[in-house]
Amino acid sequence: MELDLAQILKASGLFLYPLLACSVLGLAVTIERIFALCIAKVFPQKLFEAIVRGEYSGEDAGLDSAGARILQFYCEGGTDPDGLKAYARLEVSRLERGLFLLDIVVAVAPLLGLLGTVTGLVRVFTGFDGAGAAADTGDFGQGISLALSTTILGLSIAIPALVAGTWLDRRVDVLAARIDAGVERLLETGEKY
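Here's what I pulled together on the structure shown here.

So, how was this worked out
- Residues numbered from 1 in each chain as written.
- Predicted model: local features only at pLDDT ≥ 70, side-chain atom pairs only at ≥ 80, totals over all residues.
- Heavy atoms only, no water.
- Helix = DSSP H or I, 4+ residues; strand = E, 2+ residues; numbered from the N terminus.
- Buried < 20%, exposed > 50% of the residue type's maximum accessible area, 1.4 Å probe, protein only.
- Polar contact = N/O pair within 3.5 Å; in protein donor to acceptor, adjacent residues only side chain to side chain.
- Contact = heavy atoms within 4.5 Å.
- Phe/Tyr/Trp six-rings, centres within 6.5 Å; stacked < 30°, edge-to-face > 60°.
- Lys NZ or Arg CZ within 6 Å of the ring centre and 35° of its normal.
- Expected span 1.5 Å × (residues − 1).
- Arc of directions from axis to C-beta.
- Axes fitted to C-alpha atoms, helices over the stretch in contact; angles between N-to-C directions.
- Parallel < 35°, antiparallel > 145°, perpendicular 65-115°, else oblique.
- Left-handed = near helix turned anticlockwise from the far one by under 90°.
- Nonpolar A, V, L, I, M, F, W, Y, C, P; charged D, E, K, R; others polar.

1. Observations concerning the side chain of Glu-91
Note that Glu-91 resides in helix 6 (residues 81-95). Classification of Glu-91 as buried rests on a relative accessible area of 1%. There is a polar contact of 2.9 Å between the side chain of Glu-91 and the side chain of Arg-69. Excluding residues within four positions of it along the chain, Glu-91 makes contact with Ala-66, Arg-69 and Ile-70.

Here it is, written out as structure tokens:
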């Protein structure tokens, strides 16, 4: 027997709307962060290599990347090691923007599914008469359908959000290491470009 998405969506009742909101939020944050965390927007290779070689001339820096903003801070007198590292941490925190929303989706979606499960089971068990027999088999089926549908939806939203969040966290770690290496190289050279 195949799972029919339309049946699952219909059976999830009112729980469909908050689950849909979680899905849209998770997808929007994931797409935005994927584009925002590309190397060219964080610390372009050309700029990174110039800093590593100690040959930065100031051309083509712009302010559209974290690396360029850190270098500008350094060139404008931010040669104090603690100040430069603090500014670099600020840039790393900007890379993490919005990732907490994925954590919320990962936590909330299965809980909404669980709430739908409990609601469906309550509907099932309140449909029994005093002798323990189901008063209406239609209500019984709808209750079980609600319980299972919301669980399926909650997990199918949380699992991709968890995967995306983990991948994006790892991406931030890699980019933060790149920023740290650039900052350390600036501090080693001790020269003002």
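2. A closer look at the packing of aromatic side chains
If you walk through the whole model with that rule in mind, you get two aromatic pairs. Where Phe-43 meets Phe-48, the ring centres are 5.4 Å apart and the plane angle is 90 degrees; that geometry is what we call edge-to-face. This pair shows no difference in class: Phe-43 is buried, exactly as Phe-48 is. Each ring, one from Phe-73 and one from Tyr-87, has its centre 4.5 Å from the other, and the planes form 0 degrees; the classification is stacked. Highlighted residues: Phe-73 in helix 5 (residues 66-75) and Tyr-87 in helix 6, separated in sequence by 14 residues. Positioned above the aromatic ring of Phe-48 is the side chain of Arg-178, whose terminal nitrogen or guanidinium carbon lies 4.4 Å from the ring centre.

3. Concerning helix 6
In this model helix 6 runs 21 Å from its N-terminal to its C-terminal C-alpha over 15 residues, within 8% of the 21 Å that 1.5 Å per residue would give. Among the residues of helix 6, Leu-84, Tyr-87, Ala-88, Glu-91, Val-92 and Leu-95 are the ones counted as buried. End-on, the buried residues of helix 6 take up no more than an arc of 150 degrees, which puts them together on one face. Counted as exposed and oriented over 90 degrees from the buried face of helix 6: Asp-82 and Arg-89.

4. Things to note about the packing of helix 5 against helix 6
Helix 6 packs onto helix 5 with a crossing angle of 160 degrees between their chain directions and a minimal axis gap of 10 Å. Taken together, the axis directions place helix 5 and helix 6 in an arrangement best described as roughly antiparallel. Considering how the two elements wind past one another, helix 5 and helix 6 form a crossing that is right-handed. In this structure, helix 5 contributes Ala-66, Arg-69, Ile-70, Phe-73 and Tyr-74 to the contact, and helix 6 contributes Gly-83, Leu-84, Tyr-87, Ala-88, Glu-91 and Arg-94. Of the residues belonging to the contact of helix 5 with helix 6, the class tally is seven nonpolar, one polar and three charged.

As far as function goes, none of this settles anything; it's purely spatial.
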